[in-house]
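A look at the structure
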Amino acid sequence: MTQTSEKKEQYLSIGAEATLEKRKILGKNIVVKTRVVKGYRNPLLDAPLRRERTSHEAKMLHAVKKWGVTTPTIYLVEPHTSTIYMEYVDAPRLKHVLLDTKIKNTEKMRLCNELGKIIAIFHKHHLIHGDLTTSNVLVRRNKNFKNKKTINELVMIDFGLSTYSHKIEDEAVDLVNLKKTFTATHSTLNEGWGEIQKGYLENGGEKKVLKQMSEVESRIRYA
Ligand SMILES: Nc1ncnc2c1ncn2[C@@H]1O[C@H](COP(=O)(O)OP(=O)(O)OP(=O)(O)O)[C@@H](O)[C@H]1O
Ligand SMILES: [Mg+2]
């Protein structure tokens, strides 16, 4: 294996906003997420913006844990290099699980329901995730030590665009964004979107938010 290919394999993702690298430090797999320099932005604006987004994302990844939502544990935040060092979650994205033909439909529906429930927790606490997609959710096998059963649990990531808001409109937009990518990516998963909505309502998500979604959607259609 060449030096270059070894290096390449370490990258989990190279996006427009951030690069994510898997590294081994003191025998532990970790993820290093670094926000990239935006050449088109004035450096005087770009640096503080990246610093602020990095600190904000780390804060949110940690904050949601107290509501019972699973996220990678943060090990270190380095605002001056716009870098977060966090736990490596050895798990596929929800997107791949939902597209996997070997996985039973009932399990896929359970995961969709679970996702709806987690979004309801966010909205109950006035947190708008801002980038809800099935790529920003990981599905980890988790062994319950009491009954020895293994179940799939959802691990939420990518809180860089999250905000706090008390507006129903913002909650509706959060869900419309998910619906758009969900229905496009998982068009064959009948009932999937319905199950997300069901989980949302079962966990305290408000009907009026779902109603507001139709308004947001019609505005997008006629814009
Ligand atoms: N803690 C983690 N453990 C394992 N894999 C991760 C972890 N965090 C992110 N990933 C992987 O890296 C991908 C990109 O991560 P993330 O969504 O945080 O960045 P991004 O989409 O590039 O960020 P942004 O939307 O802020 O530009 C994820 O879809 C996931 O596959
Ligand atoms: Mg992402």
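Where an unreviewed UniProt entry is consulted, the protein appears under the name non-specific serine/threonine protein kinase, with the organism given as Candidatus Iainarchaeum sp. Quoted verbatim from the Sequence similarities (unreviewed entry) field of UniProt, the annotation for the protein is "Belongs to the protein kinase superfamily. BUD32 family."

1. Section: the overall build of the protein
When helices and strands are tallied, the protein shows seven helices and nine strands. Dimensions along the principal axes, computed over C-alpha positions, put the protein at roughly 50 × 50 × 35 Å. Across the 223 residues in the protein, those meeting the buried criterion constitute 42%. The long-range share in the protein, meaning contacts at least 24 apart out of those at least 6 apart in sequence, stands at 62%. As displayed, the protein has an accessible area near 12,900 Å², and 54% of this comes from carbon and sulfur atoms. Taking the average location of the 39 positive side-chain charges in the protein and that of its 26 negative ones, the two points are 3 Å from each other.

2. Looking at the site of ligand 1
As a structural note, the neighbourhood of ligand 1 is formed by 19 residues, with E17, K33, V89, R93 and D158 the closest of them. Between ligand 1 and R93 there is a distance of 2.8 Å, counted from an oxygen atom to a side-chain nitrogen or oxygen. Contact between ligand 1 and S135: an oxygen atom at 3.0 Å from a main-chain N or O atom of the residue. Burial of ligand 1 by the surrounding chains reaches 88%, relative to a free accessible area of 620 Å². Residue assignment for the shell around ligand 1 shows that the elements contributing at least two residues are β1 (11-14), β2 (18-25), β3 (28-35) and β5 (83-87). Tallying contributions element by element places β3 first for the shell around ligand 1, with three residues. Classifying every residue of the shell around ligand 1 by side-chain character gives nine nonpolar, three polar and seven charged. Shared between two domains, the shell around ligand 1 takes at least three residues from each, and those domains are domain 1 (3-87) and domain 2 (94-222).

3. Brief notes about the side chain of E57
Inspection of the secondary structure puts E57 in helix α2 (residues 43-63). Leave out the neighbours within four places in its chain, and E57 touches K33, R35, I84, D158, F159 and G160.

4. What about the coordination of the magnesium ion (ligand 2)?
Looking at the metal site, the magnesium ion (ligand 2) is ligated by N136 (OD1) and D158 (OD), spaced 2.1 to 2.2 Å from it. You can see N136 sitting in the loop between β6 (127-128) and β7 (137-143) and its partner D158 sitting in the loop between β8 (150-156) and β9 (163-164), a full 22 residues away along the chain. With relative accessibility at 21%, the residue D158 sits in the partly exposed group.

5. Some words on the domain arrangement of the protein
Each assigned domain of the protein is listed with its residue range as follows: domain 1 (3-87) and domain 2 (94-222). Summarising the inter-unit geometry, the C-alpha centres of domain 1 and domain 2 are found 23 Å apart. Across the contact, 14 residues belong to domain 1 and 16 residues belong to domain 2. For D158, the salt bridge is made with K33, and the minimal N-O distance between the two is 3.3 Å. At the junction of domain 1 and domain 2, the tally comes to seven residue pairs in polar contact (both at pLDDT 80 or more). Elements with a minimum of two residues in the side of domain 1 that touches domain 2: β3 and α2. The leading source of residues in the side of domain 1 that touches domain 2 is α2, at five residues. Of the residues that constitute the side of domain 1 that touches domain 2, the class distribution is six nonpolar, three polar and five charged.

Rules used in this analysis
Residues numbered from 1 in each chain as written. Chains lettered and ligands numbered in written order. Predicted model: local features only at pLDDT ≥ 70, side-chain atom pairs only at ≥ 80, totals over all residues. Heavy atoms only, no water. UniProt positions renumbered as here; feature names shortened; annotations may be inferred. Helix = DSSP H or I, 4+ residues; strand = E, 2+ residues; numbered from the N terminus. Buried < 20%, exposed > 50% of the residue type's maximum accessible area, 1.4 Å probe, protein only. Contact = heavy atoms within 4.5 Å. Areas by Shrake-Rupley, 256 points an atom, 1.4 Å probe, with all protein chains shown as cover. Lys, Arg positive; Asp, Glu negative; His and termini not counted. Charge placed at Lys NZ, Arg CZ, Asp CG, Glu CD. Near = heavy atom within 4 Å. Polar contact = N/O pair within 3.5 Å; in protein donor to acceptor, adjacent residues only side chain to side chain. Nonpolar A, V, L, I, M, F, W, Y, C, P; charged D, E, K, R; others polar. Domains from an automatic or database assignment. Donors = N, O, S within 2.8 Å, 3.2 Å for Na, K, Ca; no water. Salt bridge = Lys/Arg side-chain N within 4 Å of Asp/Glu carboxyl O.

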